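Summary of the model geometry
Each chain is listed here by its residues.
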Amino acid sequence: MTQALSPQTLVAVIGAGAMGAGIAQVAAAAGHKVKLLDNRPGAAALAIDGIRAQFEKMAAKGKLSLEAAQAAGARLQAAEQVADLADAGLVVEAIVENLQVKQALFKDLEAVVIEACILASNTSSISITAIGAALKKPQRLAGLHFFNPAPLMALVEVVSGLATDLAVANTLFATAAAWGKTPVHAKSTPGFIVNRVARPFYAEALRVLTEGGADCATLDACCREAGGFRMGPFELMDMIGHDVNFAVTQSVWRAFFNDPRFLPSLTQQDLVDAGFLGKKSGRGFYSYQEGALKPLPATAPALDQPHDIVVYGQSAAAQALATRLQTRGVRFTQAAALGDTLARAGDTTVRVTDGRSATRCAFDTQTPSTVLIDLALDYSQATRLAVSVAAQCDPTAADHAFGLLQAAGFAVSPLQDIPGLIVMRTVAMLANEAFDVVNQGVCDAAAVDTAMRLGVNYPCGPLAWASAIGIDKLSTVLSHLAQTYGEDRYRTSPLIQHHVYAARVFYD
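Notes on the structure follow. (Residues numbered from 1 in each chain as written. Predicted model: local features only at pLDDT ≥ 70, side-chain atom pairs only at ≥ 80, totals over all residues. Heavy atoms only, no water.)

1. Considering the packing of aromatic side chains
- Summed over all chains, the structure comprises nine aromatic pairs.
- Seen from their ring centres, Phe201 and Tyr202 are 5.8 Å apart, and the 70 degrees between their planes marks the pair as edge-to-face.
- Judged by relative accessible area, which is 1%, Phe201 ranks as buried.
- Taken together, the aromatic side chains of Phe201, Tyr202, Phe229, Tyr458 and Trp465 make up a single cluster linked through ring pairs.
- One residue, Lys294, lies across the ring of Tyr286, its end atom 4.9 Å from the ring centre.
- Sitting above the plane of the Phe410 ring, Arg324 keeps its charged end 3.7 Å from the centroid. (Phe/Tyr/Trp six-rings, centres within 6.5 Å; stacked < 30°, edge-to-face > 60°. Buried < 20%, exposed > 50% of the residue type's maximum accessible area, 1.4 Å probe, protein only. Lys NZ or Arg CZ within 6 Å of the ring centre and 35° of its normal.)

Right under this line is the structure:
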């Protein structure tokens, strides 16, 4: 088993911004002497003062003893130049995201540090292979991608370029674990794991918004209250900053030779062009000016409870719906599974979306009174559901479906008849990308689920979520989206197809 770097190993961090300072804090807390270097005069010393203040706060809260906090602070030292890092056993670069600048820095380091020193980049988007191409010994370079804020976020992506020595990657993996982090191995491809797999979370919401499916507040609320995400996509993009989020999307898109799966959004481009960058500029999808009120999600008004409610089958959605109705004293009957019908309220058929629009579903099944509900992470706990109504559906019939869902305790958010609604199409595309990452050897299945849970706080790993939905159902959703849009964007991963044809689950 590969050993972590000894605490006696000197760690150097280059770049005293938020990421560099955070990495330096993590290394010092783990017992390493740390040299912090920045090309801005006084920046390293100022960052060290800030780190020591953080240690003091931790001691005051009882998270560290006073002695441990003082010892950790004492292990930090400001460096003046690259030559001061000659005794380092690990150098972590956290400077500007520019390939040429990083290559020049590592070339300078290579001429200074000892033969056994490991070189690592905290880059979130630049190829480790490309950075290493400028070095005489690229085998000792790897990515060590922390997430912001580094002291708090558990995930670290250990990224191997084409020339990276496996022993180097394994040593960094063991070291990150010794520092209290949860590392995952990844191959150096555009976006690595998290920044690649996360693209559909933004892209599908932007597309639904652009197509007039619903407003931002409604889509965000559905993603939180049904999907279980901590933040909706528009809230999150506003927090990240549209200049940053849009730049990452563009970078991944270009790096994949303009693959339509990563196509940037014109809607987000407009925000960037207008300077509406989110919280930091005071305006993005939402206003952050003093006194501004956040808009409420669209919610159907309270409707009468319908008569003759029938719940079909034993799916997770059906069991949850039955339990919710029973808990609230609502009279209903249960029946054996009837195709993909979830419930009926009078003559109205309620189904879980399978990637078709409600109108197409009504046409295909010859059931005009069709209402579709969105995916929920847990139908027993969800507080809101997005719904769509077929164009053929009588308004009274739609009210019956809405009344049924309200009787079960759901807030109902009607969307325009967008295929896949919002949570289902988003989760399907997240899972599709995760399957492709595994299929292309970027990482293994456990790593992608761990990365997405810890790196962006998803409520469930996308592969585990896909398994819960059913790989065959997920494949159907993607197929219907592809048929509707006629775009390669919605092509189904070969690995999903493999598991469908093999008739086996992805996770046991």
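From this point, the narrative continues.
2. Regarding the pairing of strand 13 (residues 370–373)
- Side chains of strand 13 alternate between two faces, with Thr370 and Leu372 and Val371 and Ile373 buried alike.
- Bridging between strand 12 (residues 348–352) and strand 13 involves four bridges; their strand directions are parallel. Bridge pairing links Val352 to Ile373 in strand 13.
- Considered for its hand, the β-α-β crossover made up of strand 12, helix 14 (residues 358–365) and strand 13 is right-handed.
- As defined by bridge partners, strand 13 adjoins strand 14 (residues 384–389) across three bridges and the pair is classed as antiparallel. (Helix = DSSP H or I, 4+ residues; strand = E, 2+ residues; numbered from the N terminus. Pairing = 2+ DSSP bridges. Right-handed = clockwise from strand over helix to strand, strands pointing away.)

3. Describing the pairing of strand 1 (residues 11–14)
- With burial as the criterion, each face of strand 1 is covered, one bearing Val11 and Val13 and the other bearing Ala12 and Ile14.
- In this structure, strand 1 lies alongside strand 4 (residues 90–93), joined through four bridges in parallel fashion. Paired with Val11 across the two strands is Leu90, which belongs to strand 4.
- Alignment of strand 1 against strand 2 (residues 34–37), held across four bridges, turns out to be parallel. Bridge pairing in strand 2 places Ala12 opposite Lys35.
- Tracing the backbone out of strand 1, into helix 1 (residues 18–29) and back to the parallel element strand 2 gives a crossover that is right-handed.

4. Brief notes about the layout of surface pockets
- Looking at the largest pocket, its volume works out to about 1100 Å³.
- Elements with a contribution of two residues or more to the lining of the largest pocket: strand 6 (141–146), helix 7 (194–197), helix 8 (199–210), helix 10 (233–240) and helix 11 (242–255).
- Here the lining of the largest pocket is composed, by residue class, of 20 nonpolar, 11 polar and five charged.
- Lining the second largest pocket are 29 residues; nearest its centre among them are Ser315, Ala317, Val352, Ile469 and Lys473.
- If you list the elements that add at least two residues to the lining of the second largest pocket, you get helix 13 (316–327), strand 11 (341–345), helix 18 (462–469) and helix 19 (471–485).
- Taken together, the residues of the lining of the second largest pocket sort by class into 17 nonpolar, eight polar and four charged. (1 Å grid on protein atoms, 1.4 Å probe; cavity = no way out; pocket = protein on both sides within 12 Å on 5 of 7 lines; lining within 4 Å. Points joined across faces, edges and corners; volume = space filled by probe spheres on them. Nonpolar A, V, L, I, M, F, W, Y, C, P; charged D, E, K, R; others polar.)

5. Notes on the nonpolar core
- By size, the foremost hydrophobic cluster in this structure holds 105 residues, and its most contacted members are Ile193, Phe234, Phe285, Leu325, Ile422 and Val448.
- Sort the elements by how many residues they give to this core and helix 16 (residues 423–439) lands first, with 11 residues.
- Ranked by size, the runner-up nonpolar core spans 38 residues in total, among them Met19, Ala27, Ala69 and Val158. (Core = buried A, V, L, I, M, F, W, Y, C linked by side-chain atoms within 4.5 Å.)

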